[in-house]
Amino acid sequence: MTPAANTPAQPEPPEIAAELVRIGAVLSERVDDLAERVTDAIHSDIGYYATSDVVPRERTTAVVRANFTEMVGAITADADFQTATARHTGATRAALGVPLPALMHAYRIAFQMVWREFRAIAESDSSLSRRAVLAATERIWSGYDIFASEVAEAHREATNEQILDDAAERAALTEHLLEGRITTKTNLWETAALLRMPTTGPYIAVAAATDVVGKQPLHGVENKLRVLDLRSVWRLLPDQQIGLIHLPNPTSVDAALNLIGRLATGRVGVSASFTELSHIGRALKYARVSLAGPGVGVTQFDDSVLGIAAVATPEVSTGLAQSVLHRLYDLPADDRGPLIETFHAWVRADGSITATADELFVHRNTVRHRLRRIEELTGRSTTSPRESAELCLAFEVDARLDIRS
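A. Representation of the pairing of strand S3 (residues 203–209) in the model. With 6 of 7 residues buried, S3 is to be regarded as a mostly interior element. Sheet analysis places S3 next to strand S5 (residues 240–246), joined by 7 bridges and oriented antiparallel. Paired with Tyr-203 across the bridge in S5 is His-246. Note that S3 and strand S6 (residues 268–270) share 3 bridges and pair antiparallel. Its bridge partner being in S6, Val-206 is matched across the sheet by Val-270.

B. Summary view of the sheet that holds S6. Spatially, S4-S5-S3-S6-S7 is the arrangement adopted by the 5 strands of the open sheet, whose pairing is mixed. Two strands lie at the open edges of the sheet, namely strand S4 (232–236) and strand S7 (298–300), each paired on one side alone. Direction aside, the axes of adjacent strands within the sheet are offset by 15° on average. The sheet strands contacting helix H9 (residues 252–263) are S3, S5, S6 and S7, and the helix crosses S7 at an angle near 150°. Together, S3, S5, S6 and S7 form the strand contacts of helix H10 (residues 280–292), whose direction differs from that of S3 by roughly 40°.

C. A look at the pairing of S4. Where S4 lies against S5, 5 bridges are found, and the strand directions are antiparallel. Residue pairing in the sheet places Leu-236 in a bridge with Gln-241 of S5. Taking the residues that link successive antiparallel strands as the turn, the S4-S5 hairpin has 3 residues.

D. Quick peek at unusual backbone geometry. In the segment running from Gly-201 into Pro-202, the intervening peptide bond is cis, with an omega of 10°. Within the secondary structure layout, Pro-202 lies in the loop between helix H7 (185–194) and S3. The phi angle at Phe-361 is positive, at roughly 60°, despite the residue not being glycine. Turning to its location among the elements, Phe-361 is positioned in the loop between helix H14 (353–360) and helix H15 (364–378).

E. Structural view of the side chain of Thr-210. Among the secondary structure elements, Thr-210 is positioned in the loop between S3 and helix H8 (221–227). A distance of 3.0 Å separates the side chain of Thr-210 from the backbone oxygen of Pro-238, its partner in a polar contact.

Rules used throughout
Residues numbered from 1 in each chain as written. Predicted model: local features only at pLDDT ≥ 70, side-chain atom pairs only at ≥ 80, totals over all residues. Heavy atoms only, no water. Buried < 20%, exposed > 50% of the residue type's maximum accessible area, 1.4 Å probe, protein only. Helix = DSSP H or I, 4+ residues; strand = E, 2+ residues; numbered from the N terminus. Pairing = 2+ DSSP bridges. Axes fitted to C-alpha atoms, helices over the stretch in contact; angles between N-to-C directions. Contact = heavy atoms within 4.5 Å. Polar contact = N/O pair within 3.5 Å; in protein donor to acceptor, adjacent residues only side chain to side chain.

Laid out in C-alpha cells, this is it:
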C-alpha cells in the first residue's frame, strides 16, 4: 500500500471545514503534552514495553508525536491521512523484535487518549456544530483504522523479510556444517552455536532420498525430533534431505531411527554414531553410502574396520568384490541368496558352524555344504587367513554397495 490512504467520500462544506480547522488547531497545541501522557500509559500498561528497554521512552514519545501530527493535519485540512510514519514504525519495530500485538495495543491506547482529548474539547466549546463533531469523530477513528492497518502490514512485511533472511542464513550455515566445509574448530563451534546444536556428541548423520525435487522425504522431522528432546539441523537438496541429529543419551539413537522409519517415504541412509562434530563430513559420506547401497527402508552404516574398508575407495573395493564373487553372481537368485546369507551369519558367529546353524535354523552339515560351495565358486578358502579376509571384504562390499547390476 502507498502512504496515502482512504480519502473521504466527499469534502465537507466550507463552514464544517472551518470548524475542523479550529478543532485541529486546539489538538495541535496539546500534541506534546498528549504524547507524553500516551508514552506513560504505553510503558506502564503494556507488559512488553514495561519490561523491555528495546524501545526507549524518548523514541516512543517521538513516534507518538509524529503520528498525532499526521492525524491532526488530516483533520485540519480535511485531507488524506499520510501514513509514512506509521509504516516506518511498523517496519522498525519489527526489526527490533517488538511483537505485533504489543505494537497494536500501543496504537489503541494512543487513539483512545486522542478521542478522550477531543471529547473534552467538544464538551468545552459549545459553538462547535454537531456535524463538525461527528465529522471529526469519524476522521479520528478512520485514522485509527488506517494507521493500524498500515502499521500491521509494514510489521508483517518486515517480519517476513527477516524470516526469509534468517532462513537463508540458517540454510547456508547448515549446508556448510553438514558438508564439513568449516576448517577451524572456532568456526565449527560458532556455527553450531548459531544453529543451536550442542558442540559435543554423540551424533548421527542422515541422508534421505527425495522422490520429488523440493519435497521433503522426512517431512517435519526437525519438529518431531524436538518433541523427543532431540536437537537436529536439516538441509533439503535437489536429490536428498541431509541432517545431523544430536544423541543426548543411549536410547536416543533408537528413538531417532524409529521416528525416521515412520516418516520416511523412501530410502534413508544413517551413519554410525560419532562424537566429534568435525567428523560430520565423513559421517555424511557413510550415510550416503548406506542410502545408495542395496536394501530398502532405513539402513545404518556399521563403522567396523571391514565396513570402512569396503566403502573408503568404492572404485577399488567394487572391483575386488566383483572379481571374487562374479561366479556367485551368475547363480540364480534362489541359489545365490542362501549362500550369501550363510556367509554373513558365519562371520557374525565368529566362524562357529553350530552358532551359524542355530541362527539360520538349518543343520550344521547344511552350513558346511554352503561354505564349501562358496569356496568352490570364489576360489578362496575359509580356513586361510589371507583368503578368508578377501572373502570377508568382498561380501562386505556386496552388502554395502550396489555392485550386482
